[in-house]
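One-letter residues, chain by chain:
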Amino acid sequence: MSVQTAVVVGVGSSAGLGAALARRFAKKGLRVIVAGRTSARVTTVASEIRDAGGSVEAVVADVTRETDVVSLLNEVGQKEPLDLVAYNVGNNAMIPTLEISEAQFETMWRQNALGGFLVGREAVRRMLPKGSGTILYTGATASLRARPPFVAFASAKAALRAVAQGLAREFGPQGIHVAHVVIDGVIGGDYARSRFPDFVAAKGKDGLLAPADIADAYWALHRQPRSAWTHELDLRPFREPF
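Residues numbered from 1 in each chain as written. Predicted model: local features only at pLDDT ≥ 70, side-chain atom pairs only at ≥ 80, totals over all residues. Heavy atoms only, no water.

**Q** Sorry, what's going on with the overall build of the protein here?
**A** Across its full length, the protein carries eight helices and seven strands. Relative to a compact globule of 242 residues, whose C-alpha radius of gyration would be 18 Å, the protein shows 17 Å and is just as compact. Overall, the C-alpha framework of the protein stretches about 50 × 40 × 35 Å when taken along its three principal axes. Evaluated residue by residue, the protein yields a buried proportion of 49% over its 242 residues. If you take every contact in the protein between residues at least 6 apart in sequence, the share linking residues at least 24 apart comes to 75%. Here the protein contributes 28 positively and 23 negatively charged side chains, and the mean placements of these two sets differ by 4 Å. (Helix = DSSP H or I, 4+ residues; strand = E, 2+ residues; numbered from the N terminus. Rg over C-alpha atoms; globule rule 2.2 N^0.38 Å. Buried < 20%, exposed > 50% of the residue type's maximum accessible area, 1.4 Å probe, protein only. Contact = heavy atoms within 4.5 Å. Lys, Arg positive; Asp, Glu negative; His and termini not counted. Charge placed at Lys NZ, Arg CZ, Asp CG, Glu CD.)

**Q** Got a minute to help me understand unusual backbone geometry in this structure?
**A** A negative phi holds for most residues other than glycine; trans holds for most peptide bonds. Omega for the peptide link from P148 to P149 comes to 5°, which places this bond in the cis form. The residue P149 is located in the loop between β5 (133–140) and α5 (151–171) in this model.

**Q** Would you explain the packing of helix α1 (residues 17–27) against helix α2 (residues 39–51) in this entry?
**A** Between two packed helices, what matters for the description is the angle formed by their axes and the separation of those axes. Interaxial distance between α1 and α2 falls to 10 Å at its minimum, and their mutual angle equals 25°. If you check the angle between α1 and α2, you find them roughly parallel. The crossing of α1 and α2 is right-handed. Mapping the contact onto sequence places A19, A22, R23 and A26 in α1 and V45, E48 and I49 in α2. (Axes fitted to C-alpha atoms, helices over the stretch in contact; angles between N-to-C directions. Parallel < 35°, antiparallel > 145°, perpendicular 65-115°, else oblique. Left-handed = near helix turned anticlockwise from the far one by under 90°.)

**Q** For this particular structure, what's the right way to read the packing of α1 against helix α8 (residues 211–223)?
**A** Put simply, α1 and α8 touch, their axes get as near as 8 Å, and they point 55° apart. Relative to α8, the element α1 lies oblique. In this structure, the crossing between α1 and α8 has a hand that is right-handed. From α1, L17, A20, L21, R24 and F25 reach across to α8, where they touch P211, A212, I214, A215, D216, Y218 and W219. Across the contact of α1 with α8, the residue classes tally to 10 nonpolar, no polar and two charged. (Nonpolar A, V, L, I, M, F, W, Y, C, P; charged D, E, K, R; others polar.)

**Q** How should I be thinking about the nonpolar core in this particular structure?
**A** Generally speaking, nonpolar side chains in soluble globular proteins are found buried as a group. Counting 32 residues, the largest nonpolar core has L21, F25, V32, V34 and Y218 as its most contacted members. When residues of this core are traced back to their parent elements, those giving at least two are β1 (5–9), α1, β2 (31–36), α2, β4 (82–87), β6 (176–183) and α8. Examining the composition of this core, we find that seven residues originate from one element, α1, more than from any other. With residues near it in sequence (within four places) discarded, V34 still touches V8, V11, A22, V42, V45, A46, V56, E57, A58 and V59. By size, the runner-up hydrophobic cluster in this structure holds 30 residues, among which are L82, Y87, L118 and F171. (Core = buried A, V, L, I, M, F, W, Y, C linked by side-chain atoms within 4.5 Å.)

Now the structure itself:
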């Protein structure tokens, strides 16, 4: 029996969700490819997983570039079939609406909607021949509603959600499980702690989503029997209002 292969796109710091997903998949015995734009970060995460006994490779890629996406997934397919892709790209930013520049708005769209589409399209192309595979997208509260000062981010996340829905409806009947995970809260990683320290502090104990716990949910989605697939799952701390 061949080893399953997973690609985690959008791996940053070792305390982030991308790294947590990669660790979980490797712990379950999958060969994992960690991909991100920063060589030092993906290399560090890969080294940690390797030291823990996991099978892992690090690839530097910008998913807003079609050539990078094709190259990334071609590299995967040279060794084993592609079984699981987690798309975890998309930096949030607090920008008042009247201060959003054209470049900022476009960058968020490219990181979320365009990158999600390119990765999804290329993943499906490699999964269809075997009639199975899982593609998981990381969404946010902003995927469902736009509130200032997150208008640019919300438009990008809503577009990513539409990409996930379209792929699920078209390729689900052909054996490809596409799911969108709404992270309705703040992830307890370095990103939020460094950029929104006051907001994080105000959340207090048990007010943040633990990356490892989110990774449990992603793994459960991948393992679902096809008679009862989930397309959209929302996750939030028990104290988070909604």
